[in-house]
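Each chain is listed here by its residues.
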Amino acid sequence: MFFEPVNGMRPAPLTHNPLNALVCPRPIGWASTISHDGTPNLAPFSYFNAVSADPPYVVFAPNAASADSAKDTYRNLQDIPEFVINLVDKRLVEAMNATSGNYAYGVNEFAECGVEAAPCKIVRPPRVKRSRAALECTVFEIVALPIGSDGRQSHVVIGQVVGIHIDDELIVDGKVDEARLDPVARLGYFNYADLGEIFELRRPD
Ligand SMILES: Cc1cc2nc3c(=O)[nH]c(=O)nc-3n(C[C@H](O)[C@H](O)[C@H](O)COP(=O)(O)O)c2cc1C
């Protein structure tokens, strides 16, 4: 089939928007922020990726449920433009999912979902203590995308990575061992995947 998204994202026979199932697997950035009064917030985002290794930059996209509402993460970044991307491994997947609940603005998901926090070195939001890796970030720019056919407003948050935490146990012969990181990835719908088989492919000279 072929379709043009200007006519909506679910033409027959599709019953769901297919994009997340097409662009997969996606890493999960578990983003911590703080509000203007210092209350922490924690939520997962799979519209997340690294876009530059040196200097290190990441992006993630909080999508509002409607044009006149905003995700707490986005609201916090307007006030305190700092965040932490906590990487999600299999041990953390249930806790990560719990923090995606629709909690009222001002609810601290660390406390609400029993996720232990640890202080950061440079930015004000806390990190997830059990995450094997975490990226301390400052906001470089926030780009507003056009409102979608479902009325949702997306913003792309571009962050500069200003500090990197790595569990020493991940480092083998000077490299991060991805199998030890054991990241969980998001697919379409409610599906997830683990790393599966890892293989090497060298680039041509
Ligand atoms: C694995 C996973 C990935 C998600 N990815 C996104 C995403 O990329 N963008 C988004 O807006 N919401 C995403 N969500 C939903 C948000 O986590 C959820 O709406 C959350 O309540 C937002 O929290 P906040 O209002 O505290 O910012 C995702 C949820 C899960 C479980």
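Just above sits the structure.
Since this is a predicted model, take the numbers as computed values, not measurements.

Caption draft 1: Layout of the packing of aromatic side chains. Evaluated as defined, the whole model comprises 3 aromatic pairs. Between F45 and F60 the ring centres are 5.0 Å apart and the planes differ by 55°, which places this aromatic pair in the tilted class. A residue pair is termed long-range when its members are at least 10 positions apart, and F45 in strand β3 (residues 40-45) and F60 in strand β5 (residues 56-60) qualify at 15 residues. Residue F60 is classed as buried on the basis of its relative accessible area of 1%. Measuring from centroid to centroid gives 5.2 Å for Y57 and F140, while their planes differ by 80°, and the two rings are edge-to-face. Of this pair, Y57 sits in strand β5 while F140 sits in strand β9 (residues 133-144), and the two are 83 residues apart along the sequence. Three or more aromatic residues link up through ring pairs in this structure, and these residues are F45, F60 and F83. Just above the ring of Y105 sits the side chain of R75; from NZ or CZ to the centre is 3.6 Å.

Caption draft 2: The arrangement of the nonpolar core in detail. Ranked by internal contacts, the top residues of the largest apolar core, which has 17 residues, are V58, F60, F83, I85 and L135. Broken down by secondary-structure element, the contributors of at least two residues to this core are β3, β5, β6 (82-87), β9 and β10 (155-166). Sequence-distant contacts of I85, defined by excluding residues within four places in its chain, comprise G29, W30, A31, F48, F60, A133, A134 and L135.

Caption draft 3: Representation of the pattern of salt bridges within the structure. Following the criterion strictly, the structure yields 8 salt bridges and no others. Across the salt bridge formed by K90 and D182, the nearest N and O atoms sit 3.8 Å from each other. With K90 in the loop between β6 and α3 (93-98) and D182 in the loop between α5 (178-181) and β13 (185-186), this pair connects stretches of sequence that are 92 residues apart. D182 gets classed as partly exposed once you look at its relative accessible area, which sits at 22%.

Caption draft 4: Geometry of the site of the ligand. Around the ligand sit 20 residues, and of these N41, P44, Y47, N63 and T73 come closest. Residue N41 places a side-chain N or O atom 2.8 Å away from an oxygen atom belonging to the ligand. S46 is positioned with one of its backbone polar atoms (N or O) 2.8 Å from a nitrogen atom of the ligand. Coverage of the ligand by the protein chains reaches 88% of its 640 Å² of free accessible surface. For the shell around the ligand, the residue count by class is 9 nonpolar, 7 polar and 4 charged.

Caption draft 5: Empty space enclosed by the protein, seen in detail. Taken as a whole and judged by the stated rule, the model has 1 cavity of 30 Å³ or more. If you add up the space inside the largest cavity, you get close to 30 Å³. Mapped by element, the contributors of at least two residues to the lining of the largest cavity are β3 and α2 (72-79). For the lining of the largest cavity, the residue count by class is 2 nonpolar, 5 polar and 1 charged.

Caption draft 6: Highlighting the sheet that holds β10. If you walk across this open sheet you meet the 7 strands as β3-β2-β6-β9-β10-β5-β4, and the pairing is antiparallel. Edge positions in the open sheet fall to β3 and β4 (48-53), since each of these has one partner strand only. Within the sheet, the average angular offset between the axes of one strand and its neighbour, ignoring direction, is 30°. Two elements, β9 and β10, share 11 bridges in a ladder whose sense is antiparallel. Bridge pairing in β10 places T138 opposite Q160. Those strands touched by α2 are β2 (29-34), β3, β5, β6, β9 and β10, and its axis lies near 125° from that of β3.

Caption draft 7: How the structure looks around the sheet that holds strand β14 (residues 192-193). Reading across from one edge, β1-β13-β14 is the order of the 3 strands in this open sheet, with antiparallel pairing throughout. This sheet does not close on itself; its edge strands, each paired only once, are β1 (26-27) and β14. When β1 meets β13, the two strands line up antiparallel, connected through 2 bridges. Among the inter-strand pairings, R26 is bridged to a residue of β13, identified as R186.

Each value, and the rule that gives it
- Residues numbered from 1 in each chain as written.
- Predicted model: local features only at pLDDT ≥ 70, side-chain atom pairs only at ≥ 80, totals over all residues.
- Heavy atoms only, no water.
- Phe/Tyr/Trp six-rings, centres within 6.5 Å; stacked < 30°, edge-to-face > 60°.
- Helix = DSSP H or I, 4+ residues; strand = E, 2+ residues; numbered from the N terminus.
- Buried < 20%, exposed > 50% of the residue type's maximum accessible area, 1.4 Å probe, protein only.
- Lys NZ or Arg CZ within 6 Å of the ring centre and 35° of its normal.
- Core = buried A, V, L, I, M, F, W, Y, C linked by side-chain atoms within 4.5 Å.
- Contact = heavy atoms within 4.5 Å.
- Salt bridge = Lys/Arg side-chain N within 4 Å of Asp/Glu carboxyl O.
- Near = heavy atom within 4 Å.
- Polar contact = N/O pair within 3.5 Å; in protein donor to acceptor, adjacent residues only side chain to side chain.
- Areas by Shrake-Rupley, 256 points an atom, 1.4 Å probe, with all protein chains shown as cover.
- Nonpolar A, V, L, I, M, F, W, Y, C, P; charged D, E, K, R; others polar.
- 1 Å grid on protein atoms, 1.4 Å probe; cavity = no way out; pocket = protein on both sides within 12 Å on 5 of 7 lines; lining within 4 Å.
- Points joined across faces, edges and corners; volume = space filled by probe spheres on them.
- Pairing = 2+ DSSP bridges.
- Axes fitted to C-alpha atoms, helices over the stretch in contact; angles between N-to-C directions.

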